[in-house]
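# Chains, contacts and geometry: an overview
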Amino acid sequence: MTAPTQLNSDSGKINFDSIGCTGNSELQSFMVTDFNSPFMIMWFNTSFLSLSFFIEFIYLKFQLKNNNNNNININNNKKNFKTTFLLILKLYKLKFKENNISFKKLFFVSIPITIVYVGLSWCWLIALSMTEVSISTAISQSSSVFCFILSIIILKEKIEILKTISVLIFMGGIVGITVVTANLSKSIYPNAIKGDLLIILSAALWAVYEVMTSKFIGNVNRTAVNTYIGFIGLIDLILGIPFILILNSVGFEPFQIPSSAKTFGMLLTNAIVGASITYLINWGLSITSPLFVRSGELMAIPLTLLFDIIVKHMKLPLLAIPGYILIVVAFILSIFIEARNIKKQKKEKEEGGEEEEEEKQQNIENNNV
């Protein structure tokens, strides 16, 4: 994949994520008001990620149908379900062996990362009922700072001047928006400070999740990415059930089921949209940097603002406009930085291949002598 093509692909995913994040945030805001069970909503949403195993199954089935690779003999007319399943399982194992991480290690890595993901999602849903969605979204993007720091510490990324400037511009926009709009919701949301603190905690955990995901599934193939995402959904599904019972028994979050078809429909829609966004974010983390993924998610801030203005008739102070402009500028700058890094990596790879070819040629000449 060429640098421009990869950047366009990544940017497309990021743009879809930002639009999806906007819709999902607003939908979740309605959900926690109509169905006040944050942990149940989070558990239901995350469980849908286990469908990634099924997605990988479909991919491999099509590959078996259209190709004859990896020394697997295919005869579609004579295969029954059991034979097909065994062939897919064999191809799955072959695909997984192409990665630098084992199936067992990926499973054990997924457990603590799932706990982090569950924690950040739960904090976010609890906080949504305490403040305006557009303000919550703006504050949550403080995770860019945590992500920037953790990328340097954990991923050993180099400190670049332009990347540092883009983060500072982002944060300038976020702080400006937060300070100006915070006073608007004090009368409506008396627990806004508590909500803001929960959002900051969620932001810090989200940065941990993104950086650790990039560390363990960066540069792996589709099979490993789908397996990782599926593990998160499966672990959440299994471990979440006893936790729901515990929360109910101590009275922290009484167990309840949707009281109407409308509520269940909203819950299901929210789960599908949320799982789709998380799926795409994980794919983005496997092929690009966490900070670039964060930059795309930051675009949800102006989008949620537009929704609050148009649908909820929220009044926007003129002083907040510069903050939104800063976010857009920083987003454009981050795309430029990522494009430059992709071109640089491609050039280094090509130069490395040329050096290897020259070394082989030199060895052949020496052997002939």
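Just above, that's the structure.
Report on the accompanying structure. (Residues numbered from 1 in each chain as written. Predicted model: local features only at pLDDT ≥ 70, side-chain atom pairs only at ≥ 80, totals over all residues. Heavy atoms only, no water.)

### Regarding the environment of isoleucine 244
For isoleucine 244, the position within the fold is in helix α10 (residues 222-249). For isoleucine 244 and phenylalanine 39, which are 205 residues apart along the polypeptide, the C-alpha to C-alpha distance reads 7.5 Å. Filtering out sequence-adjacent residues up to four positions away, isoleucine 244 remains in contact with Phe39, Met40, Trp43 and Phe255. (Helix = DSSP H or I, 4+ residues; strand = E, 2+ residues; numbered from the N terminus. Contact = heavy atoms within 4.5 Å.)

### Things to note about the pattern of salt bridges
By the definition in use, this model includes 1 salt bridge. Arginine 222 is the partner of glutamate 56 in a salt bridge, and the nearest nitrogen-oxygen pair spans 2.9 Å. Of this pair, glutamate 56 sits in helix α3 (residues 52-66) while arginine 222 sits in helix α10, and the two are 166 residues apart along the sequence. A residue is classified by how much of its surface remains accessible, and glutamate 56, at 3% relative accessible area, is buried. (Salt bridge = Lys/Arg side-chain N within 4 Å of Asp/Glu carboxyl O. Buried < 20%, exposed > 50% of the residue type's maximum accessible area, 1.4 Å probe, protein only.)

### Section: helix α9 (residues 192-217)
A rise of 1.5 Å per residue sets the reference length of α9, with its 26 residues, at 38 Å; its end C-alpha atoms lie 36 Å apart and thus fit the reference within 8%. Asparagine 219 lies just past α9 and shows a positive phi near 65°. (Expected span 1.5 Å × (residues − 1).)

### Thoughts on the side chain of threonine 213
The topology assignment puts threonine 213 in helix α9. When its relative accessible area of 0% is taken as the criterion, threonine 213 is described as buried. At a separation of 2.7 Å, a polar atom in the side chain of threonine 213 contacts the main-chain carbonyl oxygen of tyrosine 209. (Polar contact = N/O pair within 3.5 Å; in protein donor to acceptor, adjacent residues only side chain to side chain.)

### Re helix α4 (residues 81-96)
Taking 1.5 Å of rise per residue, 16 residues should cover 22 Å, and α4 covers 22 Å from first to last C-alpha, within 8% of that figure. Taken together, the buried positions of α4 are Thr84, Leu87, Ile88, Leu91, Tyr92, Lys95 and Phe96. One face of α4 carries all of its buried residues, which in axial projection span an arc of 165°. Taken together, the buried residues of α4 touch α3, α5 (103-128) and α10. (Arc of directions from axis to C-beta.)

### Some details on the packing of α5 against α9
Their axes nearest at 8 Å, the elements α5 and α9 cross at an angle of 160°. By the angle class used here, α5 and α9 are roughly antiparallel. The crossing of α5 and α9 is left-handed. For the contact of α5 with α9, a count of residues per class yields 20 nonpolar, 4 polar and 1 charged. (Axes fitted to C-alpha atoms, helices over the stretch in contact; angles between N-to-C directions. Parallel < 35°, antiparallel > 145°, perpendicular 65-115°, else oblique. Left-handed = near helix turned anticlockwise from the far one by under 90°. Nonpolar A, V, L, I, M, F, W, Y, C, P; charged D, E, K, R; others polar.)

### With respect to the side chain of serine 47
By the secondary structure assignment, serine 47 is in helix α2 (residues 38-47). The buried category is assigned to serine 47, whose relative accessible area is 10%. Within the local environment of serine 47, its side chain forms a polar contact with the backbone oxygen of tryptophan 43, the two atoms lying 2.6 Å apart.

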